[in-house]
Amino acid sequence: MVYLQVILMAILQGLTEFLPVSSSGHLVFLNELFTRFGWREIEEPLMLSVLLHCASLLAIICYYWRPLWRMLLGKDPHLFRLLIVGTIPVGIVGILVKVFFEAPFEAVMSSVQITGMMMLLTAILLIFAQKLSMQNPHELQKLGLRRNLKTLTWKRALAIGCIQALAVLPGLSRSGSTITAGLFAGLKRQDAGAFSFLLAVPAVGAASLVEILKLLKDGSAGNVGLLPLGVGFLVCFIVSLFALTLLVRLLRSRSIGLFSFYLIPLGMILLLL
């Protein structure tokens with residue numbers, strides 16, 4: 001694995017893990033382009049994949065260290081319970097895929113057509129999110145649809161978690177879909193974003209732990225050297241922190257719908273391919 005490929009994967013993971021454009025969808029898109037031009041497909045060894053996801057996870061922990069620290073000290077049990085409930089659906093889906101549907105799921109993950117359709121669906125969700133975020137706060141308050149993380153119910157957290165579970169499909173952005181679901185649940189823009197990213201901590205953390213245990217069981221870490229892995233981890237962490245900060249600021253300015261103008265043509269290209 002050359003440094004250029006490791007850095008490319010690190011940048012791709014760092015940007016698309018948090019920006020609502022789907023990291024898995026972009027990997028499918030790049031590999032399709034490489035195949036069309038007769039280039040070698042991007043290969044992502046398991047060790048590199050785990051490290052890059054851990055780098056993105058570290059970026060979330062660094063950005064949201066205050067609420068995470070409060071939960072660790074037991075000062076915010078309500079938010080802790082919401083995150084546990086919201087993580088249940090993706091855990092169930094992950095177990096079902098691993099036990100019963102691993103082979104069909106791998107075929108789905110490499111499907112260009114499914115990726116294109118899911119990118120278009122993500123664009124539609126972002127447009128809805130934009131419209132919801134533009135609603136008058138006073139009108140939403142009167143309808144009982146204006147909530148924060150302290151008043152969010154476990155049923156609504158479970159619904160957001162179900163949407164996160166669907167985001168395992170390539171092209172369907174995890175952050176975009178869960179932020180939209182949070183807005184539909186009545187959360188304010190900043191709280192919808194915070195809950196979306198905090199919800200990624202147990203999900204990404206558990207998935208990374210499973211892959212690490214798999215590596216230890218197989219006794220193979222791949223053929224990527226320690227130095228390229230370290231470079232990839234550092235690049236991915238920096239890019240992830242930048243992307244996370246950017247999206248939080250965009251949520252404050254109600255600009256999340258702008259990503260739909262990027263996803264619509266990209267999804268159409270994939271469908272045409």
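Refer to the preceding data block for the structure.
I will try to describe carefully the structure that is included in this document. Note that the structure is a prediction, hence the values are computed from the model and not measured.

### Concerning the environment of G205
Tracing the backbone through its elements, the reader meets G205 in helix α11 (residues 189-218). Residue G205 is classed as partly exposed on the basis of its relative accessible area of 23%. As a C-alpha pair, G205 and L58 span 147 residues in sequence and 9.8 Å in three-dimensional space. Once residues within four sequence positions are removed from consideration, G205 is found in contact with L57 and A200.

### Description of the layout of surface pockets
Taken as a whole, the second largest pocket encloses approximately 330 Å³ of empty space. As for the second largest pocket, its lining consists of 15 residues, and the residues nearest its centre are P67, D76, L79, L149 and D191. Broken down by secondary-structure element, the contributors of at least two residues to the lining of the second largest pocket are α4 (65-72), α5 (77-100) and α11. Looking at the lining of the second largest pocket, the element that brings in the most residues is α4, giving four residues. Residues belonging to the lining of the second largest pocket are distributed by class as follows: eight nonpolar, two polar and five charged.

### Examining the nonpolar core
If you look at the biggest cluster of nonpolar residues, it comprises 59 residues, and the most contacted ones within it are I60, Y64, I179, F195 and F197. In contact with I179, not counting residues within four places along its chain, are A192, G193, S196, F197, L247, L251 and I256.

### A few points about empty space enclosed by the protein
Overall, the coordinates contain one cavity of 30 Å³ or more when judged by the stated rule. A volume near 40 Å³ is recorded for the largest cavity. Along the walls of the largest cavity sit E17, F18, S56, L57, I60, R174, A200 and V204, which together make up its complete lining. Mapped by element, the contributors of at least two residues to the lining of the largest cavity are α1 (3-18), α3 (46-63) and α11. Counting residues per element, the lining of the largest cavity draws most heavily on α3, which supplies three residues. Looking at the lining of the largest cavity, its residues break down into five nonpolar, one polar and two charged.

### A look at the packing of aromatic side chains
Enumeration according to the criterion identifies four aromatic pairs in this entry. Taken together, a centroid distance of 5.7 Å and an interplanar angle of 75 degrees make the contact between F18 and F197 edge-to-face. Residue F18 is located in helix α1, and its partner F197 is located in helix α11; the two are separated by 179 residues in the primary sequence. F18 gets classed as buried once you look at its relative accessible area, which sits at 1%. Aromatic side chains Y63 and Y64 sit 5.0 Å apart centroid to centroid with 65 degrees between the ring planes, which places their arrangement in the edge-to-face category. Classification of Y64 by relative accessible area gives buried; the value is 10%.

Rules used in this analysis
- Residues numbered from 1 in each chain as written.
- Predicted model: local features only at pLDDT ≥ 70, side-chain atom pairs only at ≥ 80, totals over all residues.
- Heavy atoms only, no water.
- Helix = DSSP H or I, 4+ residues; strand = E, 2+ residues; numbered from the N terminus.
- Buried < 20%, exposed > 50% of the residue type's maximum accessible area, 1.4 Å probe, protein only.
- Contact = heavy atoms within 4.5 Å.
- 1 Å grid on protein atoms, 1.4 Å probe; cavity = no way out; pocket = protein on both sides within 12 Å on 5 of 7 lines; lining within 4 Å.
- Points joined across faces, edges and corners; volume = space filled by probe spheres on them.
- Nonpolar A, V, L, I, M, F, W, Y, C, P; charged D, E, K, R; others polar.
- Core = buried A, V, L, I, M, F, W, Y, C linked by side-chain atoms within 4.5 Å.
- Phe/Tyr/Trp six-rings, centres within 6.5 Å; stacked < 30°, edge-to-face > 60°.

These figures come from the coordinates and say nothing about function on their own.
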